[in-house]
Amino acid sequence: MKNIVILISGRGSNMEAIVEACAREQWPARVAAVVSNKADAAGLRYAADRGIATAVLDHKNFASREDFDAELATVVDGFAPDAVVLAGFMRILTEGFVRYFEGRMLNVHPSLLPAFTGLHTHQRAIDAGCKVAGATVHFVTPALDHGPIVAQAVVPVLPGDTAEALSARVLVQEHLMYPQAVRWLVEGRLALDAQGRVTQTAGAPQVHWGA
Ligand code: GAR
């Protein structure tokens, strides 16, 4: 049985989708813990109610990013993770932390990378006149929002869209795409080539088309 540790900062809807898919589809894995840098992250309650271990590590209690990440690595490592899943974890991670978990750490980012790294992705896509937008699941590397792409979800940008409406449309696809990608990771179905390109070894589609 593989261990999944999920890191959140807030709502935790992607974490919920992963917990539910893991149970429903009987993955050879369990969500061993949910860790947050915010004590009031709504997702912590959901996890605790399901008997999943939770931990809070408030970054404001640490003098430096390095100190926080060192303690975070210790906490996460305590759950013996085979997969570390960033699900709305709104912290920039140090190179040391990323290297320690490299190859077993995924993130979901709400844009079609490499476009729109960083924040306010949906508004920026609307402002740029993009006709499609989406989300990307990628392996985490030290370059922010730039790791090898595991899967992407594509949705249309509709006339009159607000960032909220577009975000909600993308989130529906995130909830389908991210659990599947985490499952691929724990089942050993992801292969990374020398150029940093990821293929699903059984040939499953790595694109989700949303309406
Ligand atoms: C998701 O839309 C995710 O793509 C985004 O935060 C949201 C978290 O929602 N992640 C980032 O912006 C990371 N840079 P959730 O807490 O309900 O899963």
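Residues numbered from 1 in each chain as written. Predicted model: local features only at pLDDT ≥ 70, side-chain atom pairs only at ≥ 80, totals over all residues. Heavy atoms only, no water.

Concerning the overall build of the protein chain
Here is step 1: Along its length, the protein chain carries six helices and ten strands.
Here is step 2: Computed over C-alpha atoms, the radius of gyration of the protein chain comes to 16 Å, within 12% of the 17 Å expected from 2.2 N^0.38 for 211 residues, which places it in the range of a compact globule.
Here is step 3: Dimensions of the protein chain along its principal axes, counting C-alpha atoms only, are 45 × 40 × 35 Å.
Here is step 4: Every one of the 211 residues in the protein chain was classed for burial, and the buried ones make up 48%.
Here is step 5: Of all intrachain contacts in the protein chain linking residues separated by at least 6 positions in sequence, the fraction that spans at least 24 positions is 62%.
Here is step 6: Here the protein chain has roughly 9900 Å² of accessible surface; of this, 54% comes from carbon and sulfur atoms.
Here is step 7: In the protein chain, 18 positive and 21 negative side-chain charges are present, and the distance between their average locations comes to 4 Å. (Helix = DSSP H or I, 4+ residues; strand = E, 2+ residues; numbered from the N terminus. Rg over C-alpha atoms; globule rule 2.2 N^0.38 Å. Buried < 20%, exposed > 50% of the residue type's maximum accessible area, 1.4 Å probe, protein only. Contact = heavy atoms within 4.5 Å. Areas by Shrake-Rupley, 256 points an atom, 1.4 Å probe, with all protein chains shown as cover. Lys, Arg positive; Asp, Glu negative; His and termini not counted. Charge placed at Lys NZ, Arg CZ, Asp CG, Glu CD.)

Quick look at the side chain of N107
Here is step 1: Summarising the element assignment, N107 is placed in strand β5 (residues 105-109).
Here is step 2: In this structure, N107 is in contact with L86, T136, V137, H138, V140, D145 and Y178, ignoring residues within four places of it in sequence.

Quick word on the site of the ligand
Here is step 1: Around the ligand, the structure places R11, G12, S13, N14, G88, M90, V108, H109, P110, L171 and E174.
Here is step 2: For the ligand, an oxygen atom lies 2.5 Å from a polar atom in the side chain of R11.
Here is step 3: Here an oxygen atom of the ligand and a backbone polar atom of G12 are 2.8 Å apart.
Here is step 4: When the free accessible area of the ligand is taken as 450 Å², the share hidden by the protein chains comes to 86%.
Here is step 5: Of all the cavities here, the one that holds the ligand is the largest pocket.
Here is step 6: Sorting the residues of the shell around the ligand by element identifies α1 (13-24), β5 and α6 (163-186) as the ones contributing at least two each. (Near = heavy atom within 4 Å. Polar contact = N/O pair within 3.5 Å; in protein donor to acceptor, adjacent residues only side chain to side chain. 1 Å grid on protein atoms, 1.4 Å probe; cavity = no way out; pocket = protein on both sides within 12 Å on 5 of 7 lines; lining within 4 Å. Sits in = over half its atoms within 2 Å of the grid points.)

A closer look at the pattern of salt bridges
Here is step 1: With the rule as written, the count across this model stands at nine salt bridges.
Here is step 2: The closest approach of N and O atoms between E102 and R99, which form a salt bridge, is 2.8 Å.
Here is step 3: Residue classification places E102 among the partly exposed residues on the basis of a relative accessible area of 34%.
Here is step 4: Given the relative accessible area of 45%, R99 is considered partly exposed.
Here is step 5: Between R197 and D193 there is a salt bridge, with its nearest N and O atoms 3.1 Å apart.
Here is step 6: Under the relative-accessibility criterion, D193 is labelled partly exposed at 30%.
Here is step 7: What emerges from the salt-bridge pattern is a single network uniting R24, E25, R183, E187 and R189. (Salt bridge = Lys/Arg side-chain N within 4 Å of Asp/Glu carboxyl O.)

Focus on the side chain of S9
Here is step 1: Inspection of the secondary structure puts S9 in the loop between β1 (2-8) and α1.
Here is step 2: A distance of 2.7 Å separates a polar atom in the side chain of S9 from a polar atom in the side chain of N37.
Here is step 3: Of the polar contacts made by the side chain of S9, one reaches the backbone nitrogen of M90; its length is 2.8 Å.
Here is step 4: Excluding anything up to four places from it in sequence, S9 contacts S36, N37, K38, A41, A87, G88, F89 and M90.

Brief notes about the packing of α1 against α6
Here is step 1: Remark: α1 packs on α6, axes separated minimally by 9 Å, with the N-to-C direction vectors making an angle of 50°. Considering their axes alone, α1 and α6 lie oblique with respect to each other. For the pair α1 and α6, the crossing hand works out as right-handed. Across from S13, N14, A17, I18 and A21 in α1, the residues of α6 making contact are L171, E174, H175, Y178, P179 and V182.
Here is step 2: When the residues that make up the contact of α1 with α6 are grouped by side-chain class, the tally is seven nonpolar, three polar and one charged. (Axes fitted to C-alpha atoms, helices over the stretch in contact; angles between N-to-C directions. Parallel < 35°, antiparallel > 145°, perpendicular 65-115°, else oblique. Left-handed = near helix turned anticlockwise from the far one by under 90°. Nonpolar A, V, L, I, M, F, W, Y, C, P; charged D, E, K, R; others polar.)

Details of the pairing of strand β6 (residues 132-139)
Here is step 1: Buried residues dominate β6, accounting for seven of its eight residues.
Here is step 2: Pairing analysis gives four bridges linking β5 to β6, with the strands arranged antiparallel. The partner of L106 across the bridge, within β6, is F139.
Here is step 3: Here seven bridges tie β6 to strand β7 (residues 149-156), and the two strands are oriented antiparallel to one another. Of the residues in β7, the one forming a bridge with A133 is V155. (Pairing = 2+ DSSP bridges.)

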